[in-house]
Amino acid sequence: MKAFIKRHISSYKLKQIFSLYVATMFTMVLGLGVSKLNTHLLTTLEYGSLKYIESVFMLTATLLSFGLFPTLSTLTPRFNNTERKARFFGMSLVFFLIVSGFISLCIFGFAFIQPLIFEQNLRWLFAASAILAIGIPSRQYIEGILSGDNQIHKLALYKIMPQTIYILVALVIAYLFTYNIAIAWFLRLISMIVSLCVILITLKPKFTGLRKYSKLILRYNKKKGIHVYFGTLFGVVSAQLSPLFISYFTSDNTNVGYFSLARNIALPLALIPITLGHTFFKEFATSSRIKPKVLFASLMITLSTLVIFLFTIKPFMLWVFGTDYTEAANISRIIVVGTVALGYGDFFRRFLWAHGQGKSIRNGAIVAGSVTFLGNVFAIAKWGVNGAAFTLIAASTAYLLCMMLSYFIYIRRINRKTTYGLVLSLDYEIEGIGTGSLSDMVTLPTGKLLDVFDEEGARLTIMAEMGHYWAMKRYPKRFESDIELFEEQLKDAVKRGHDVQLHLHPQWFNSTFNGTEWEFEYNQSITGSMTTDYPLALAMLKKGKQDLENLLKPVNPEYQCRCYRQGWFVMQPSRKILTALKETGFVLDSSVPKGSIKDSIYVKFDYNTATSYFRPWKPQLDDICQHEPRETFLEFPIFSFFSRLPLHINPNFVNNRKFQKLLSKIFAGSSQSVKSVKRTKKASVFPFYRRSYQIDFTTMYSDLLYSQVNRIAHRKSDIPFVPLVLIGHSKKFCLPSQIRMFIQRVKKLKNVDFYTMSEAYERYIDE
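Residues numbered from 1 in each chain as written. Predicted model: local features only at pLDDT ≥ 70, side-chain atom pairs only at ≥ 80, totals over all residues. Heavy atoms only, no water.

Trainee: How should I be thinking about the overall build of the chain in this particular structure?
Mentor: Tallying secondary structure elements over the chain gives 28 helices and 14 strands in all. Counting the 767 residues in the chain, one finds 58% classified as buried. Surface accessibility of the chain: about 33300 Å² in total, with carbon and sulfur atoms responsible for 61%. (Helix = DSSP H or I, 4+ residues; strand = E, 2+ residues; numbered from the N terminus. Buried < 20%, exposed > 50% of the residue type's maximum accessible area, 1.4 Å probe, protein only. Areas by Shrake-Rupley, 256 points an atom, 1.4 Å probe, with all protein chains shown as cover.)

Below you can see the structure in the form of structure tokens.
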């Protein structure tokens, strides 16, 4: 079994699972010690009253959480930056303290009506301990934060601390003073608060710049967490009502103690799936399914443990707790089946919640809660504590079935074969230093491309470089024919069903023509001006959009200029350029090739941390590489991959066909998950330094192009449509046969089709 698990779980994950499981088992042992201590020092009635008070506190905490704790656990994996994570922890702590304050107030108010509902008068204890109610929700808060951040070893430590503190202090108090229910309850709350403080110190939360985090938490809670909350009202709340119904339908709280003790004794059987759920929670967020062999292995271990439990639990409990708790041993044999079902239901629930499936969790909890409530009302009234045990089995089984059904429905939906929209975008430009004629480097090669695309039924997106066009229009007599060629080809492309979008190189804005050649003021402030000069960016984007729409709308009234590509790919710093793009009505950018890094005297950017190599994301204003769910503006990245070989696939450099095929095979298996290494000056010295390459359909042979597209096409995704943007350059295109061969091969892929940039955008937002 050990070898089997090792084949399917990494060694690091095994260590995490082992440490958390051992810690949880040790916690159970400590819990037995706590139960033994309490049952020894308290009467059966006092022990039952203690569990009754605990149920009231936990019920109140659940009612007033409003889905906050699941929301915090789901948002935590999004923050990998240490500074941002610390601020998120700070904001989460503020929310936790607010919720805890409400819980304390409600407990204090309940103290005055408690004797009116239940026979046992514990008003003074409820009122006195209300101020320490923060200890009850702390467990759910801390476990959610730590599992969301995959701090499993710290979570293992946290599980041990409260019980350890409780036992050590309780033994001292019992030796020196008279032990009673008040001491036991206050000690329970204080031990949890001390453990909370220890973990918070290690998390190092910060409390500056919290507004955006509060908005994120509230927005996500309203959209996702509230569904879990309403489900919890039916599920967890109904389960917490069981001790209260037992107390109500029986003469005293003795049976409450039996039921609570039996449930605690049976809990270790749920630990294997629960431990797996904690350990894999962060990984679930990026996984398309639960590994079935790992789940099967855990199921076999759990069932084996269940058989051992059923045969040994009664003599064990008689030995530990004595004959006074024989009834609890009998109840635990019934409850254990429901506990196992509940553990696996929680495992599937964690996967669903990692993917934001709050409604599915809510519906499952409502079903389980309804079964629990009906069982509490009718079964407990008729069969007493045994009725509560059978109700637990029925509700847990219903919950497991609902979670499994929701899981299989979800993975069937997200694992269906994704359609990929292949967007072939052509940078329509001459050389950046102004050399070369428009005819030779732009219009003639683009005309050949358009002919090939029309013959093969594909679509081209022309990224028209308008800086050169405006420069030519400043000298209309000298460049009259070139201006006409430029305009007529763009209009002809749109008329033939292709697309035209905006591309700008800032060095053209102040360029001059001396009669024989173009002259530029070339420096970093010019090449990066669109990202540093907001008024300039706003003016140029507005002018580019208006000129293209004025030119092309007479040809196609539905034409819109809404996609942009920045010259030299310089989109950092990104706040000003992204703000200007949104201000002028652009909805899409396609300038970021993940992994590309430039640090020259003219161009500087670092896209090493970009969200994806090929999948779109919504960029943050301050960092175009990072995803921000609240944004509506999109980034369609330029498809790229990593290689250790000094790859430069261009007919001018590599014309050996056999060597080209060999390279295609080598790179066909390139992994998108390989971590890139920041490029330094050493990259030019060491030829096997890992670097990023854009998928350029005008310079790469069809074998390599097809192998990269085919590799992505066989991936499964959680969204039905993914645009795949390939870049090309009119000035580099010289092999029509290769692009024709590539298009013909791609057309045989069932889930890949050709789209223009505008079509891909429309399809993506519709899906």
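Trainee: Whenever I open this one, unusual backbone geometry confuses me. Can you help?
Mentor: Omega for the peptide link from Gln572 to Pro573 comes to -5°, which places this bond in the cis form. Among the structural elements, Pro573 can be located in the loop between strand S6 (563–566) and helix H24 (575–583). Non-glycine residue Lys204 carries a positive phi angle of around 55°. Residue placement: Lys204 occurs in the loop between helix H9 (181–203) and helix H10 (211–234).

Trainee: I keep staring at helix H27 (residues 736–746) and nothing clicks. Help me out?
Mentor: An α-helical turn contains 3.6 residues, so a residue and the one three or four places further along point in the same direction. Among all positions of H27, only Gln738, Ile739, Phe742, Ile743 and Val746 are buried. What you see down the axis of H27 is that its buried residues fit within an arc of 135°, all on one side. (Arc of directions from axis to C-beta.)

Trainee: Would you mind showing me how to read the packing of helix H18 (residues 438–456) against helix H20 (residues 480–495) here?
Mentor: To characterise two packed helices, one gives the angle between the axes of the helices and the distance between these axes. Where H18 meets H20, the axes come as close as 11 Å, and the angle between the chain directions of the two elements is 20°. Taken together, the axes of H18 and H20 lie roughly parallel to each other. Seen along the crossing, H18 lies across H20 with a hand that is left-handed. In contact with Leu438, Ser439, Val442, Thr443, Thr446, Gly447 and Leu450 of H18, H20 contributes Asp482, Leu485, Phe486, Gln489 and Ala493. For the contact of H18 with H20, the residue count by class is six nonpolar, five polar and one charged. (Axes fitted to C-alpha atoms, helices over the stretch in contact; angles between N-to-C directions. Parallel < 35°, antiparallel > 145°, perpendicular 65-115°, else oblique. Left-handed = near helix turned anticlockwise from the far one by under 90°. Contact = heavy atoms within 4.5 Å. Nonpolar A, V, L, I, M, F, W, Y, C, P; charged D, E, K, R; others polar.)

Trainee: Mind showing me how you'd approach the pairing of strand S1 (residues 419–428) here?
Mentor: In summary, the side chains of a regular strand alternate between the two faces of the sheet. Judged by how many residues are buried, S1 sits mostly within the fold: nine of 10 residues are covered. In this sheet, strand S13 (residues 721–729) lies alongside S1 in parallel orientation, the contact comprising nine bridges. Paired with Leu422 across the bridge in S13 is Leu724. The pairing of S1 with strand S14 (residues 752–754) spans three bridges and is classified as parallel. Of the residues in S14, the one forming a bridge with Leu422 is Phe754. As defined by bridge partners, S1 adjoins strand S2 (residues 460–465) across five bridges and the pair is classed as parallel. Pairing of Leu424 across the sheet is with Leu460, part of S2. The parallel pair S1 and S2, bridged by H18, forms a crossover whose chirality is right-handed. (Pairing = 2+ DSSP bridges. Right-handed = clockwise from strand over helix to strand, strands pointing away.)

Trainee: Explain the nonpolar core here, please?
Mentor: In summary, soluble globular proteins display a tendency toward joint burial of nonpolar side chains. Counting residues in each nonpolar core, the largest one holds 108 residues, and the members touching the most others are Ile53, Phe126 and Tyr141. If you tally residues by element for this core, the top one is helix H15 (residues 326–354), at 14 residues. Setting aside anything within four residues of it in sequence, one finds Ile53 in contact with Leu122, Leu125, Phe126, Ile181 and Trp185. Ranked by size, the runner-up nonpolar core spans 92 residues in total, among them Val442, Leu460, Phe605 and Ile712. (Core = buried A, V, L, I, M, F, W, Y, C linked by side-chain atoms within 4.5 Å.)

Trainee: Can you help me understand the environment of Ile290 in this one?
Mentor: Of note, Ile290 is situated in the loop between helix H13 (271–284) and helix H14 (292–321). Counting along the chain gives 121 residues from Ile290 to Ile411, while the straight-line C-alpha distance between them is 9.2 Å. If near-sequence neighbours (up to four positions away) are discounted, Ile290 is found in contact with Phe284, Phe347, Phe348, Phe351 and Tyr407.

Trainee: Would you explain the pattern of salt bridges in this entry?
Mentor: Two side chains with opposite charge may pair up if their charged atoms get near one another. Tallied over the entire structure, the rule returns 19 salt bridges. Among the ionic pairs, Arg565 bridges to Asp427, the shortest N-O distance being 2.8 Å. Here Arg565, found in strand S6, pairs with Asp427, found in strand S1; they are 138 residues apart in sequence, far enough to count as distant. When its relative accessible area of 0% is taken as the criterion, Arg565 is described as buried. Taking the shortest distance from any N to any O, the salt bridge between Glu456 and Lys747 comes out at 3.9 Å. One end of the pair, Glu456, is in helix H18; the other, Lys747, is in the loop between H27 and S14, and 291 residues separate them in sequence. (Salt bridge = Lys/Arg side-chain N within 4 Å of Asp/Glu carboxyl O.)

Trainee: In this structure, what is going on with helix H28 (residues 757–766)? I would like to understand it.
Mentor: Among all positions of H28, only Met757, Ser758, Ala760 and Tyr761 are buried. The buried residues of H28 occupy one face: seen down the axis, they fall within an arc of 160°.

Trainee: Quick question: what am I supposed to make of the packing of aromatic side chains here?
Mentor: What describes a pair of aromatic rings is the distance from one ring centre to the other and the angle between the planes of the rings. Under the defined criterion, the tally for this structure stands at 26 aromatic pairs. Between Phe347 and Phe348, the ring centres sit 6.0 Å apart and the planes meet at 75°, which makes this aromatic pair edge-to-face. The same class applies to Phe347 and to Phe348, which are both buried. Both rings, one in Phe614 and one in Phe639, keep their centres 6.2 Å apart while their planes meet at 70°; by these two values the pair is edge-to-face. With Phe614 in the loop between strand S9 (604–606) and strand S10 (634–635) and Phe639 in the loop between S10 and strand S11 (640–643), this pair connects stretches of sequence that are 25 residues apart. Ring pairs connect the aromatic residues Phe347, Phe348, Phe351, Tyr407, Phe408 and Tyr410, which therefore count as one cluster. The aromatic ring of Phe586 is capped on one face by Lys545, whose charged end is 5.4 Å from the ring centroid. A cation over a ring is seen here: Arg745 above Tyr706, with NZ or CZ 4.1 Å from the ring centre. (Phe/Tyr/Trp six-rings, centres within 6.5 Å; stacked < 30°, edge-to-face > 60°. Lys NZ or Arg CZ within 6 Å of the ring centre and 35° of its normal.)

Trainee: What should I look at first to understand the side chain of Thr698 in this one?
Mentor: Among the secondary structure elements, Thr698 is positioned in the loop between strand S12 (691–694) and helix H26 (702–713). At 2.5 Å, the side chain of Thr698 forms a polar contact with the side chain of Asp696. Of note is the side chain of Thr698, whose polar atom sits 3.0 Å from the backbone nitrogen of His729. Excluding its chain neighbours within four sequence positions, the residues that come into contact with Thr698 are Leu426, Leu449, Gly728, His729, Lys732 and Phe733. (Polar contact = N/O pair within 3.5 Å; in protein donor to acceptor, adjacent residues only side chain to side chain.)

Trainee: Can you walk me through the pairing of S13 in this structure?
Mentor: With nine of its nine residues buried, S13 lies for the most part within the structure. Residue alternation in S13 divides its side chains into two sets, Phe721, Pro723, Val725, Ile727 and His729 and Val722, Leu724, Leu726 and Gly728, and both sets are buried.

Trainee: Quick question: what am I supposed to make of a nonpolar patch on the surface here?
Mentor: On the surface, a cluster of nonpolar side chains totalling about 420 Å² of accessible area is made up of Phe108, Phe112, Ile113 and Leu116. Tracing the sequence through the fold places Phe112 in helix H5 (residues 82–117). (Patch = residues over 30% accessible without salt bridge, like charges linked within 9 Å, V, L, I, M, F, W, Y side chains within 5 Å.)

Trainee: Help me understand the environment of Phe249, please; the structure alone is not making it clear to me.
Mentor: In this fold, Phe249 is placed in helix H11 (residues 236–249). Residue class for Phe249 comes out partly exposed when judged on its relative accessible area of 36%. Put simply, Phe249 and Val385 are 136 residues apart on the chain and 9.5 Å apart in space, counted from C-alpha to C-alpha.

Trainee: In this structure, what is going on with the side chain of Asp427? I would like to understand it.
Mentor: Residue Asp427 is classed as buried on the basis of its relative accessible area of 2%. Not counting residues within four places of it along the chain, the set of residues in contact with Asp427 comprises Met463, His503, Arg565, Ile727, Gly728, His729 and Ser730.

Trainee: Please clarify how the packing of H20 against helix H23 (residues 534–552) should be interpreted in this entry.
Mentor: Their axes nearest at 10 Å, the elements H20 and H23 cross at an angle of 65°. Here H23 runs roughly perpendicular to H20, going by the angle between their axes. H23 is crossed by H20, and the crossing has right-handed handedness. Contact residues: H20 offers Glu487, Leu490, Lys491 and Val494, while H23 offers Leu548, Leu551 and Leu552. The class makeup of the residues in the contact of H20 with H23 is five nonpolar, no polar and two charged.

Trainee: Would you take a moment to explain the confidence of the model for the chain for this structure?
Mentor: Keep in mind that low pLDDT regions are not for reading the predicted coordinates in detail. Here the chain averages 79 in pLDDT, and 80% of its residues register 70 or above. Segment residues 1–10: pLDDT under 50, and 16 contacts once partners within four positions in sequence are set aside and those in other chains are kept. Here residues 647–688 is a poorly scored stretch, pLDDT under 50, and it has 80 contacts once near neighbours within four places are set aside; other chains count. (pLDDT = per-residue confidence, 0-100.)

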